[in-house]
Amino acid sequence: QVQLVESGGGLVQPGGSLRVSCAASGSIFSIYAMGWYRQAPGKERELVATITSGGSTNYVDPVKGRFTISRDNAENTVYLQMNSLKPEDTAVYYCNADLIMIATMRRIEVWGQGTLVTVSS
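Residues numbered from 1 in each chain as written. Predicted model: local features only at pLDDT ≥ 70, side-chain atom pairs only at ≥ 80, totals over all residues. Heavy atoms only, no water.

Colleague: It is not clear to me how the pattern of salt bridges should be interpreted in this structure. Could you clarify?
Modeller: Where side chains of opposite charge bring their charged atoms close, a pairing between them can arise. Applying the stated criterion across every chain yields a total of five salt bridges. With a shortest N-O distance of 3.0 Å, Asp61 and Lys64 are connected by a salt bridge. Overlapping salt bridges, with partners in common, bring together Arg38, Glu46, Arg66 and Asp89 in one network. (Salt bridge = Lys/Arg side-chain N within 4 Å of Asp/Glu carboxyl O.)

Colleague: Where do I start with unusual backbone geometry in this structure?
Modeller: The bulk of non-glycine residues show a negative phi, and the bulk of peptide bonds are trans. With phi around 50 degrees, Asn76 is a residue other than glycine that occupies positive phi space. Mapping Asn76 onto the fold places it in the loop between strand 7 (67-72) and strand 8 (77-82). You can call Asn76 partly exposed: its relative accessible area is 24%. Although it is not a glycine, Met105 sits at a positive phi angle of roughly 55 degrees. Assignment of secondary structure puts Met105 in the loop between strand 9 (91-101) and strand 10 (107-111). (Helix = DSSP H or I, 4+ residues; strand = E, 2+ residues; numbered from the N terminus. Buried < 20%, exposed > 50% of the residue type's maximum accessible area, 1.4 Å probe, protein only.)

Colleague: Would you explain the packing of aromatic side chains in this entry?
Modeller: Given two aromatic rings, one states the distance between the centres and the angle between the planes to describe the pair. Counting across every chain of the model gives one aromatic pair. A ring pair is formed by Tyr37 and Trp111, whose centres lie 4.9 Å apart and whose planes are at 65 degrees; its orientation type is edge-to-face. In this pair, Tyr37 is assigned in strand 4 (residues 28-39) and Trp111 in strand 10, connecting sequence segments 74 residues apart. Over the ring of Tyr32 we find Arg107, and its NZ or CZ is 3.9 Å from the ring centre. (Phe/Tyr/Trp six-rings, centres within 6.5 Å; stacked < 30°, edge-to-face > 60°. Lys NZ or Arg CZ within 6 Å of the ring centre and 35° of its normal.)

Coordinates in, geometry out; function isn't part of it.
As structure tokens, this is what we get:
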């Protein structure tokens with residue numbers, strides 16, 4: 001069994017910074033891409049950023065220049081550093097991983113439970 005556990009969400013003032021983390025655990029053979037998505041109240045879940053196992057990154061336009069995704073392959077952990085936060089960044093942030101489980105040696109997609117980030121004064 002594999003699970004992703006996010007941490008680091010909370011309340012921050014506009015213009016502030018926050019870092020969220022996501023650790024993958026369980027019987028993992030290999031992890032390919034990892035990413036962060038978010039879902040604001042009343043809206044659909046949307047992509048924020050992704051990172052490959054080799055470190056190539058991709059960001060959606062609204063967060064470019066403000067957010068940085070990184071990962072520690074040895075710890076199976078992905079991070080999202082968020083700077084210059086805006087109220088419109090308020091959302092539940094979900095971690096996602098594309099990986100192979102040891103038990104089945106099949107490629108699957110796994111989601112975390114989400115962590116709430118609130119940007120408000």
